[in-house]
Amino acid sequence: MSAKLQKYFLSVFFVFLLIGDRAFAQSTINKNEWGGVNDIFDLPVGARAMAMGGAYVSLANDPFALYWNAAALENVQQMGLGLYYSNLPGGSRYNYLAFTYPTLFFGTFSAGYLGIGTGGIGIADEDGARYGEEDYGRSLFLLGYGYRFFDWLSVGTTLKIER
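Now for a quick tour of the structure.

Cut-offs and rules
Residues numbered from 1 in each chain as written. Predicted model: local features only at pLDDT ≥ 70, side-chain atom pairs only at ≥ 80, totals over all residues. Heavy atoms only, no water. Patch = residues over 30% accessible without salt bridge, like charges linked within 9 Å, V, L, I, M, F, W, Y side chains within 5 Å. Areas by Shrake-Rupley, 256 points an atom, 1.4 Å probe, with all protein chains shown as cover. Salt bridge = Lys/Arg side-chain N within 4 Å of Asp/Glu carboxyl O. Helix = DSSP H or I, 4+ residues; strand = E, 2+ residues; numbered from the N terminus. Buried < 20%, exposed > 50% of the residue type's maximum accessible area, 1.4 Å probe, protein only. Polar contact = N/O pair within 3.5 Å; in protein donor to acceptor, adjacent residues only side chain to side chain. Contact = heavy atoms within 4.5 Å. Phe/Tyr/Trp six-rings, centres within 6.5 Å; stacked < 30°, edge-to-face > 60°. Pairing = 2+ DSSP bridges. Axes fitted to C-alpha atoms, helices over the stretch in contact; angles between N-to-C directions.

A few words now on a nonpolar patch on the surface. Together, Met 79, Leu 81, Leu 83, Leu 97, Phe 99, Tyr 101, Leu 104, Phe 105, Phe 106 and Phe 109 give the surface a local cluster of nonpolar side chains, amounting to about 1,200 Å² of exposed area. With three residues, strand S2 (residues 92–102) is the single largest residue contributor to the nonpolar patch. Within the secondary structure, Leu 83 is located in strand S1 (residues 80–88). Classification of Leu 83 by relative accessible area gives exposed; the value is 60%.

Right, let's talk about the side chain of Ser 139 for a bit. With respect to the helices, strands and loops of the structure, Ser 139 is situated in strand S4 (residues 130–150). Within polar-contact distance, the side chain of Ser 139 engages the side chain of Tyr 113 at 3.3 Å.

Its place among the elements puts Thr 157 in strand S5 (residues 153–162). With residues near it in sequence (within four places) discarded, Thr 157 still touches Ala 70, Leu 143, Gly 144 and Tyr 145.

Further remarks concern the packing of aromatic side chains. Applying the stated criterion across every chain, the model contains eight aromatic pairs. The interplanar angle of 25° and the centroid separation of 5.3 Å between the aromatic rings of Phe 64 and Tyr 96 together place this pair among those described as stacked. On the criterion of sequence distance, the pair formed by Phe 64 in the loop between helix H2 (47–51) and helix H3 (65–68) and Tyr 96 in strand S2 is long-range, its members being 32 residues apart. Tyr 96 gets classed as buried once you look at its relative accessible area, which sits at 2%. Linked through ring pairs, Tyr 56, Phe 64, Tyr 67, Trp 68 and Tyr 96 together constitute an aromatic cluster.

Here the focus is the pattern of salt bridges. What the rule picks out here adds up to three salt bridges. With a closest N to O distance of 3.8 Å, Arg 48 and Asp 62 form a salt bridge. Of this pair, Arg 48 sits in helix H2 while Asp 62 is found in the loop between H2 and H3, placing the two residues 14 residues apart along the sequence. Of the residues examined, Arg 48 reaches a relative accessible area of 39% and is grouped as partly exposed. Take Asp 62: its relative accessible area is 17%, and that puts it in the buried class.

This brings us to the sheet that holds S5. Backbone-to-backbone hydrogen bonds pair the strands of a sheet. The strands run either parallel or antiparallel. Read from one edge of the open sheet, five strands run S1-S2-S3-S4-S5, paired in antiparallel fashion. Each having just a single partner strand, S1 and S5 make up the two edges of the open sheet. Between one strand and the next, the sheet's axes are offset by a mean angle of 15°, whatever the strand orientation. Two elements, S1 and S2, share nine bridges in a ladder whose sense is antiparallel. Directly across from Leu 81, in S2, lies its bridge partner Phe 99.

So, in structure tokens, the structure goes:
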């Protein structure tokens, strides 16, 4: 990559750093707005990452980097597919699927899916009589990109679309 192009990307990166604190896409004004309950997508993914107690952020080198640290996508050396499945209490299921595609000169691209669902939730009328069941599920689609400018600087971003 030419020096001029590197300077351009570095300038754009620093501009985003300066204005990034004005974007509150993942926070609320009042942290106790929902009674202090964490979002279900705050649960960790990946057995290796969970065993490390969340310290995986700095070391991610597989498709789970899309969830943990998009800048670490550049540590992925070859195409990969990451799968994770967990049974949660109450018969809920939590699953993750991600694909990474590293390139030689244009960084690493990744796409993923994170979902949670449960079935058999009983529906009752005001008298307590059950008259059916319903299912509940949430999905999160992730698109990520990571690029290494220098040996000491990698940047990344993840677009999350919740359904």
